[in-house]
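Secondary and tertiary structure notes
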Amino acid sequence: MRRSMLGAALALASLMGAASAQDFPTRPVTMVIPFAAGGPTDVLGRIIGARMGELLGQNVIIENVGGAGGMTGSSKVAQARPDGYTMVLGTVGTHAQGQTLYKKPLYNAATDFTPVVLIADVPIVLITRKDLPVRDLKEFVDYAKKNQDKMQFGSAGAGSATHLGCVVLNSAMGVNITHVPYRGTGPAMQDLQGGRIDYLCEVVSTAKPQIDGDTVKAVAMLTKQRSSALPNVPTAIEQGLNVEAYTWNALFLPKGAPDAIVKKLHDAALQAMHTAAVKDRLEGLGAMIVPDDRATPEYLGGFVKSEIEKWAAPIKASGASVE
């Protein structure tokens, strides 16, 4: 009798779960951006989130939770209920680089989340304050070697992609320059424009408006190829320095999220990525929407593991670490 009752209860729970997933979402969904408003992750998240909300029939609410290079906001999602109503827009910093850079990461990026969708690859560009007396990467390297004791570079936070971009750049140049971490790209960019720091290794989407507006100076793309958003900015490799830095954006739910809900959010994100207005806007900012075969949850799960492994070597070689 007990077994039959238990079986009936399990069957009922299964049916209720299926019905719940079928009706999902019945209220607004929160997308945690683990950086300050106005930065590249925030910009991309708001563009994708607005379209996802239209497709899901419920608003996607953006919540900015900065700190610890994006780990604070990501950790909040890792600890949330896996019901689909709280997701995080992760980056190479929050879900790969930080796993090695931080001595005590707040989570295991490979096991504490449910992968949903990889959205875009985004190049990183080296930009300087406008009055820094350099015209190209060779002059920048020479200047940095002579002035490293008094120079400062900024980032969106310790462990962020913008921090690690400059870590590998500094290592390739053979310099040791003071790092000034901010709570997001917005305040870092303000201080660069104000001349209070010397350079940033910034994501193209937020660097481009400042470059176009001539408020900062672009020195080199830190990717293998030039960006279509900044076609006149040569790569570091073109200028004789073998260094590569980039970021990416992907959506994650807490570990244990139901497959049916993962699929709903994945499908909405993919449809948003295919929306012409969204694609045009993101590509205009320098983001490169990934093809469908790289946008599956299965691909993202394996990709995170490979990125953690890929970045471990250069981070360890640089000697960079954060308590």
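Note that this is a predicted model, so its numbers are computed, not measured. (Residues numbered from 1 in each chain as written. Predicted model: local features only at pLDDT ≥ 70, side-chain atom pairs only at ≥ 80, totals over all residues. Heavy atoms only, no water.)

1. A look at helix α8 (residues 204–212)
- Listing the buried residues of α8 in full gives Val204, Ser205, Thr206, Ala207, Lys208 and Ile211.
- Contacts made by the buried residues of α8 are with α2 (40–56), β4 (113–129), α7 (185–193), β7 (199–203), β8 (216–221) and α10 (276–284).
- Immediately beyond the C-terminal end of α8, within one or two residues, lies Asp214, with a positive phi of roughly 60°. (Buried < 20%, exposed > 50% of the residue type's maximum accessible area, 1.4 Å probe, protein only. Helix = DSSP H or I, 4+ residues; strand = E, 2+ residues; numbered from the N terminus. Contact = heavy atoms within 4.5 Å.)

2. Quick word on unusual backbone geometry
- Here the bond from Phe24 into Pro25 is cis, since omega is -5°, no more than 30 degrees from zero.
- Following the sequence through the fold, Pro25 ends up in the loop between α1 (2–23) and β1 (29–33).
- At Asp214, a residue that is not glycine, the phi angle is positive and equals roughly 60°.
- Residue position: Asp214 is located in the loop between α8 and β8.

3. Remarks on the packing of helix α4 (residues 92–101) against helix α11 (residues 297–318)
- Direction vectors running N to C along α4 and α11 enclose 45°, while the axes themselves pass 8 Å from each other. By the criterion of interaxial angle, the relationship of α4 to α11 is oblique. Crossing of α4 over α11 shows right-handed handedness. Contacts from Val92, His95, Ala96, Gln97, Gln99, Thr100 and Leu101 of α4 reach α11 at Val304, Glu307, Ile308, Trp311, Ala312, Ile315 and Lys316.
- Within the contact of α4 with α11, the residues separate by chemical class into eight nonpolar, four polar and two charged. (Axes fitted to C-alpha atoms, helices over the stretch in contact; angles between N-to-C directions. Parallel < 35°, antiparallel > 145°, perpendicular 65-115°, else oblique. Left-handed = near helix turned anticlockwise from the far one by under 90°. Nonpolar A, V, L, I, M, F, W, Y, C, P; charged D, E, K, R; others polar.)

4. Points about α4
- For α4, a buried count of nine out of 10 residues is recorded, marking the element as mostly surrounded by other parts of the structure.
- If you check which residues of α4 are buried, you get Val92, Gly93, Thr94, His95, Ala96, Gln97, Gly98, Gln99 and Leu101.
- Buried residues in α4 make contact with α3 (71–78), β3 (86–91), β4, α6 (161–173), β9 (246–254) and α11.
- The backbone nitrogen of Gly93 has a side-chain oxygen 3.0 Å away, supplied by the residue at the start of α4, namely Thr91. (Polar contact = N/O pair within 3.5 Å; in protein donor to acceptor, adjacent residues only side chain to side chain.)

5. Things to note about the pairing of β3
- Within β3, six of the six residues are buried, which leaves the element mostly enclosed by the surrounding structure.
- Pairing of β1 with β3, which is carried by three bridges, proceeds in the parallel orientation. Of the residues in β3, the one forming a bridge with Thr30 is Thr86. (Pairing = 2+ DSSP bridges.)

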